[in-house]
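Below are the chains, spelled out letter by letter.
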Amino acid sequence: MSSIAIRGGHILDPSQGLDIVADLLIVEGRIAAVGPDAGADVREVIDASGLLVLPGLVDIHCHLREPGLEHKETIETGALAAVRGGFTTVCCMPNTEPPLDSAPTIRWLQGRVSQVGLVRVLPIACVTRGRRGKELADLIELAEAGAVAFSDDGEPVAEPQLLRLALQYASVLGLPIVEHCEDKSLSAGGVMHEGWVATRLGLKGIPPAAEEAAVARAIALCAETGGRLHLAHISTAGSVGWLRLAKAQGIPISAEVTPHHLCLTHEIIMGEGGVPGGLLYDTNAKVNPPLRPRADADACVAALAEGAIDCIATDHAPHSVEEKLCEFDLAAFGISSLETALALCLSLVHQGRVSLGRLIEAMTIGPVRALGLHRHVPGLGTLAVGAPGDVTIVDPEREWRVEPDCFASKGKNTPLAGRTLRGKVVCTIYGGKVVWKE
Amino acid sequence: MRNEAAGPRRPVVAQESPTWHRRYLLDLDELTSQEILLLLDTAEAMREVLSREVPRVPALRGVTVVNLFYEPSTRTRASFELAAKALGADVVNITAEQSSVKKGESLLDTVRTIEALGAKVLVLRHWQSGAPYLVARYTRMAVVNAGDGWHAHPTQALLDLYTMRRHLGELKGRKVVIVGDILHSRVARSNIWGLSALGAHVVLCGPPPFLPAGWRPNEGIGGSEGIDLPRVQIETGLDQALEGAEVVMALRLQRERMQGAMAPSMREYVRLYQIDERRLSRAKPGALVMHPGPVNEGIELAPAVARSAQSVIDEQVTNGVAVRMAVLYLLAGREE
């Protein structure tokens, strides 16, 4: 009987309000016991004294790029990046080539995932065929094949009528539509937030209303259809306002925010001097939605702390070096974030702006509930007895320097390069097996 | 204002001018007022050279200057070419049409090739903002920004400052009104930095969609807490803007941006924002009329104003050569 005992750690499981120093026992790939002296006779023992013992982190929004875009990432490198970042479950977005818009593509993906075996990958399938925004994909067949949600992420579902239809089907299937909210006529050609930094750099801006108008529209359709709507990566105070209003009215909606929209602002694109001309034009900070001013980031932090924003998702978007080492307008949008997500978010805890319990909730049971993943994997996001043996062990005080060249991800594109973060994942256990250990 | 030095690798003309130490001219925003004045004073000396019977000095003999232009340009390219030749440099012109750009060669590859060919100075015009900044990080050549996207056009701003200074003397406290499409204008941005450094009172005037964030009325505005843009006055009405102005600078309108895209029509624009004689009468008598060229006849400026005694548009072009000589000389002057 394979078993692991994790001894003396600070066990934190927001799903059960568990916050104790104790031992944790995993037997046959499942959580078997939590408490003093659990599994006293087990041979494989991990000493976790002084460390945090958490349910395996869950990321409901990442880009693994396979099939078709293997120069950016593969399922294997993405999975390695995930476990190094403490994630044991990830939901991958369907904007691959070909896109995940049919049952065979979903089954192919699941086959690749089980070959890799490091991490649980729950696929999100396209809303529309080919992500073209013209006609619905076969949502029912996709659901039967194992899709846990639908999204045309990267592109909004531009036609309101099509989004309405999708939400109507989603209400029957009990699966959420994950909407990337962006009104393309307002954002067209934009490469960063429309604000004074864009003016300073002479770059075309994306106004906050490009997101907020699309959020408002999606909420109206959600209210009317009763289909579950999840807002991907919201980034502005205005979007937070719409979200609060919708929740107050009992509309079935949830939302995520990324670590970078919580912790970074648009000034980072300029850099901090020390380069020719004093302006960096940091393409590694080019992301969609764009990094916003402090007031927007603060509104997102407050909404996360209060629970109005349900969860944190990485929007891990790896790109090759060539796709970022070029003129700002030409550079790809996206940040490689699986390996920095937890540590960056812990800065909010160190600053006293979000409690540790709430942060961990937003990275475990929060995302599980937002997409209803517990209906696919019972016990996911918890350390309840019988739940999957997914555990992340973190040294909360350990300082480390972000060195993209050492990332497991093929995507070295992070604006955090060289920055020192506090809090490091030291061990990741998936299904009772150690998949990453320092 | 940001004044951090850009970390030059070594002084270029340290013996002759202790205050100039940069390898790059990417914009005026990081220059001190002393550096700007040094450039303008050097341009004055170059103007004297240009007035000689044989307008040449051998200051850059043996130096290769490459003009790499990713955007069509007649006057700026010719101006740089004449400036480099007047200093005795060898000049190579490369335009995007001729080069490997169309074969998919990246900007950095092209620049590496030019450096390997032995060029010492790269003059770069690019349609994307920030392109010269990227290049400057990856080359040892001196880099001059000859215009990048909507962002900066420092030699144009220097020739504008030079022209103003010749007519008005010190610019401190002078009211300079910039009219038109500020949002898309690299000329406006560089002028705003340069004029602010020299203490001029800058007024921006244009239709609201042509005013960029940070320089819009009723918002957090340049110079206030946390906003690293010069503090300027914003006016949407041209008549108030022109009141007592000593310099009126009209910006070129890109026709494709009009015709319903960002303004109702050319006709509407002309009604509200054209500088005509009646409007100009609100400015100080003898106020300078400037334009970076080429002028859209009868759009930004009424023809009578463009050709009036107050117009210094042709002189701007002439001064451009002297200013660019000064820039090339200071950047590359005594290297190696």
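Everything below is about the structure shown above.
Residues numbered from 1 in each chain as written. Chains lettered and ligands numbered in written order. Predicted model: local features only at pLDDT ≥ 70, side-chain atom pairs only at ≥ 80, totals over all residues.

Asks: Please explain helix α8 (residues 237-248) of chain A as it appears in this structure.
Replies: Because each turn of an α-helix spans 3.6 residues, side chains separated by three or four positions end up pointing in the same direction. All names here are of chain A. Here α8 contains 12 residues, and its C-alpha end-to-end distance of 17 Å stays within 8% of the 16 Å for a straight helix at 1.5 Å per residue. Within the sequence span of α8, burial applies to Ser239, Val240, Trp242, Leu243 and Ala246. In a view along the axis of α8, the buried residues occupy a sector of 160°, so they form one face of it. Turned more than 90 degrees away from the buried face of α8, the exposed residues are Leu245 and Ala248. (Helix = DSSP H or I, 4+ residues; strand = E, 2+ residues; numbered from the N terminus. Expected span 1.5 Å × (residues − 1). Buried ≥ 20, exposed ≤ 12 C-beta atoms within 10 Å, placed from the backbone. Arc of directions from axis to C-beta.)

Asks: I would appreciate a short explanation of the packing of helix α4 (residues 160-173) of chain A against helix α7 (residues 208-225) of chain A in the present structure.
Replies: If you want to describe how two helices pack, look at the angle between their axes and the distance between the axes. Residues and elements named next belong to chain A. At a minimum axis distance of 9 Å, the contact between α4 and α7 shows a crossing angle of 40°. The pairing of α4 with α7 is recorded here as oblique in orientation. Crossing geometry of α4 relative to α7 is assigned as right-handed. Contacts between α4 and α7 involve Pro160, Leu163, Arg164, Leu167, Gln168 and Ser171 from the first element and Arg217, Ala218, Leu221, Cys222 and Thr225 from the second. (Axes fitted to C-alpha atoms, helices over the stretch in contact; angles between N-to-C directions. Parallel < 35°, antiparallel > 145°, perpendicular 65-115°, else oblique. Left-handed = near helix turned anticlockwise from the far one by under 90°. Contact = placed C-beta atoms within 7 Å.)

Asks: Which parts of the structure should I look at to understand the interface of chain B and chain A?
Replies: Interface size is often expressed as the accessible area that is lost when the parts come together. Every contact between the two is made by 31 residues of chain B and, on the other side, 22 residues of chain A. Counting only elements with at least two residues in the side of chain B that touches chain A, the list comes to α4 (131-137) and α6 (186-197) of chain B. Examining the composition of the side of chain B that touches chain A, we find that five residues originate from one element, α4(B), more than from any other. Residues that form the side of chain B that touches chain A fall into these classes: 15 nonpolar, eight polar and eight charged. (Nonpolar A, V, L, I, M, F, W, Y, C, P; charged D, E, K, R; others polar.)

Asks: What exactly am I supposed to notice about the packing of helix α1 (residues 33-50) of chain B against helix α5 (residues 154-168) of chain B here?
Replies: All names here are of chain B. Running from N to C, α1 and α5 cross one another at 70°; their axes reach a closest spacing of 10 Å. Taken together, the axes of α1 and α5 are roughly perpendicular relative to one another. Here Ile36, Leu39, Leu40 and Ala43 of α1 come into contact with α5, specifically with Leu158, Leu161, Tyr162 and Arg165. Taken together, the residues that form the contact of α1 with α5 break down as seven nonpolar, no polar and one charged.

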